[in-house]
Amino acid sequence: MAAVAPSCTFDKIGVPRPVGEPVLGVVEHTVRPGEPRIADGHPVLAVHSATEPGQEFAEVWPAAGPVTTGARDGITYGHDGRHLFGAARIAPTGTYAAATERLYAAVFDLVRAENYPAVFRFWAYINHINAPNAEGLEIYRDFCVGRARAVAAAGVDPAAMPAGTGIGTHGGGIVCYFLAARDDAPVNLANPRMATPHAYPAGYGPRPPVFARATAVGGRLYVSATASILGHETVHHGDISAQCLVALSNIAAVIGRDNLARHGLSRGHTLADLDAVKVYVRHREHLEPVRRICAAALSPAAALGVLQTDIAREDLLVEIEGIVP
Ligand code: 3EB
């Protein structure tokens, strides 16, 4: 039976959950990295995505019922019969492609083994994302090589890869988490204003990124980290307000009625419907202006977390992701 997919709340880190409200998984956006762990009966992943305590928050994914936890091939996971939350970490290393390929292969194996075949959202938080690896390749591109190889090796159609985030952090190698569904068939959405990542021209690295601009599943819409890109090109170099506005317009385009109709879906949404919004800002001095622009564009009721991180492309200053519940 199809089940409503989970949407997360943003809470204070460490606050115990009310009894009777089971949790599928928690992601702590914090000032230090950590290994994925099981605590209070569910997986918890600490991501070093904040630069100061004021930015910290916990992303709490509710479960539909009792949660079973497990660990397999380095992935710590929890599942409730409808959805699975998994988390893993790759320790800092000279080149990431091989470990990334192993990790994605392990994810594909795990979801098959536990019978949650439809992965519908991926996050990858990558330390030193714009720095060269031991062979001189940018670490984001190194990561993309491993992911693309795993997708090809598993026989997964790149167009079947769901919404994603590939973003910087301040420590801890690469940490990933993902969500998968048992009974729902996700629909991946293209963005009419943006190129499909797996069709990016060769100049963006040896192997292209593989993710969808958004994924519809279980009545919700998961929007990838979205930047100031038109076609495949970064626009508004150096202009934070203009980049922020293009990112928001790109999100409006992907969740809007016309785009959903193109994908056979009858709904249509605006930025006022976006919740669980995470905003990644490259430079500290842009944190406040970006928060103001986003707050003005979004519903006052939307959960909004603003983090200071590097971003997959050197020339991008801001990225925004969210969920239409
Ligand atoms: C872009 O659109 C910007 O590699 O999973 C955004 C979202 C970006 C996800 C990923 C990368 C990823 O190319 C970067």
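If you're wondering where the values come from, they're calculated on a predicted model, not measured in any experiment. The residue count restarts for each chain, going from 1 along the sequence in the order it is written. In keeping with the model being predicted, local features are shown solely for residues with a pLDDT of at least 70 and side-chain atom pairs are shown and tallied solely at 80 or more, while totals for entire chains, interfaces and linings include all residues. Water and hydrogen atoms were dropped before computing side-chain values, which therefore reflect all heavy atoms in the structure.

A. The pairing of strand β7 (residues 75–79), seen in detail. Each residue gets one of three labels from its accessible area relative to the maximum for its type: buried under 20%, exposed over 50%, partly exposed in between, using a 1.4 Å probe on protein chains only. Runs of E in the DSSP output that reach at least two residues are strands. Runs of H or I that reach at least four are helices, and both are numbered from the N terminus. In terms of burial, β7 is largely enclosed, as five of its five residues are buried. Of the two faces of β7, both are covered, the one formed by Ile 75, Tyr 77 and His 79 as well as the one formed by Thr 76 and Gly 78. Strand direction decides the pairing type here: strand β6 (residues 68–72) and β7, joined by five bridges, are antiparallel. In the sheet register, Thr 68 faces β7, and the bridge partner there is His 79. Adjacent in sequence and paired antiparallel, β6 and β7 are bridged by two residues, among which Asp 73 carries a positive phi angle near 50°. Any two strands between which DSSP finds at least two bridges are classified as paired. In this structure, β7 lies alongside strand β8 (residues 83–90), joined through four bridges in antiparallel fashion. Residue pairing for β8: Tyr 77 is matched across the bridge by Gly 86. In textbook terms, the turn of a hairpin is the stretch between consecutive antiparallel strands, and for β7 and β8 this stretch comprises three residues, one of which, Gly 81, has a positive phi near 95°.

B. Region of the structure containing the pattern of salt bridges. A pairing counts as a salt bridge when a side-chain nitrogen of Lys or Arg comes within 4 Å of a carboxyl oxygen of Asp or Glu. Summed over all chains, the structure comprises twelve salt bridges. We note a salt bridge from Asp 73 to Arg 72, for which the minimum N-O separation is 4.0 Å. On the basis of relative accessible area, Arg 72 is assigned to the partly exposed category, the value being 33%. The partner of Glu 321 in a salt bridge is Lys 278, with the nearest N and O atoms 3.0 Å apart. Here Glu 321 is found in strand β19 (residues 318–324), whereas its partner Lys 278 is found in strand β17 (residues 275–281), with 43 residues between them in sequence. Glu 321 gets classed as buried once you look at its relative accessible area, which sits at 2%.

C. Inspection of the sheet that holds strand β10 (residues 163–169) at higher detail. Taken in spatial order, the six strands of this open sheet run β6-β7-β8-β11-β9-β10, and their pairing is mixed. On the outer flanks of this sheet lie β6 and β10, each paired with one strand and no other. Neighbouring strand axes in the sheet, compared pairwise and without regard to direction, differ in orientation by 15° on average. Strand contacts of helix α1 (residues 97–113): β6, β7, β8, β9 (118–127) and β11 (174–181), with the helix running at about 25° to β11, the strand carrying the most contacts. With respect to the sheet, helix α2 (residues 139–153) is in contact with β9 and β11, its orientation differing from that of β9 by roughly 150°. The axes used here are C-alpha line fits, helices contributing only the stretch in contact, and every angle between their N-to-C directions lies in the interval 0 to 180 degrees. In this description, contact between two residues means that some pair of their heavy atoms is separated by no more than 4.5 Å.

D. The sheet that holds β17, seen in detail. Taking strand neighbours across the sheet as the criterion, the six strands line up as β12-β13-β14-β19-β17-β18 in an open arrangement whose pairing is mixed. The open sheet has two edge strands, β12 (187–189) and β18 (304–308), and neither has a second partner. The average angle at which neighbouring strand axes cross in this sheet is 15°, direction not considered. Pairing geometry for strand β14 (residues 220–226) and β19, over four bridges, is antiparallel. Bridge pairing in β19 places Tyr 222 opposite Ile 323. Helix α3 (residues 240–255) rests against β12, β13 (214–217), β14 and β19 of the sheet, and its axis sits at about 30° to β19. Sheet strands in contact with helix α5 (residues 287–297) are β17, β18 and β19, and its direction is about 155° off that of β18.

E. Expanded view of the layout of surface pockets. Quantified by volume, the largest pocket comes out at close to 330 Å³. Considering the residues around the largest pocket, the lining is formed by 21 residues, among which Tyr 140, Tyr 200, Pro 209, Ala 312 and Arg 313 are closest to the centre. Secondary structure elements with two or more residues in the lining of the largest pocket: α2 and β10. A pocket, in this scheme, is an open set of points on a 1 Å grid over the protein atoms alone with protein on both sides within 12 Å along at least 5 of 7 lines, while a cavity is a set where a 1.4 Å probe fits but cannot get out; residues line either one if an atom lies within 4 Å of a point. Grid points are joined across faces, edges and corners, and a volume is the space filled by probe spheres set on the points.

F. Fine view of the side chain of Thr 226. Within the element layout of this structure, Thr 226 appears in strand β14. We define a polar contact as two N or O atoms separated by no more than 3.5 Å, with the added condition that, inside protein, one atom must be a possible hydrogen donor and the other a possible acceptor, whereas residues neighbouring each other in sequence contribute only through side-chain atom pairs. Side-chain polar atoms of Thr 226 contact the backbone oxygen of Ser 224, separated by 2.6 Å.

G. Local environment of the site of the ligand. By convention in this text, a residue qualifies as near a molecule or strand provided that one of its non-hydrogen atoms is within 4 Å of it. Lining the immediate environment of the ligand, one finds Tyr 140, Arg 147, Gly 164, Thr 165, Gly 166, Tyr 200, Phe 211, Arg 213, Ala 225, Ile 229, Ala 312 and Glu 319. Within the side chain of Tyr 140, a nitrogen or oxygen atom sits 2.5 Å from an oxygen atom of the ligand. Contacts to the ligand include Tyr 200, whose side-chain N or O atom sits 2.8 Å from an oxygen atom. Only the protein chains shown count as cover for residues, and the accessible areas themselves come from Shrake-Rupley with a 1.4 Å probe. Look at the ligand: alone it shows 350 Å² of surface, and the protein chains cover 99% of it. Secondary-structure elements contributing two or more residues to the shell around the ligand are α2 and β10. With three residues, the single largest contributor to the shell around the ligand is β10. Under the scheme applied, nonpolar residues are Ala, Val, Leu, Ile, Met, Phe, Trp, Tyr, Cys and Pro; charged residues are Asp, Glu, Lys and Arg; polar residues are all the others, including Gly. Its residues placed into classes, the shell around the ligand shows six nonpolar, three polar and three charged.

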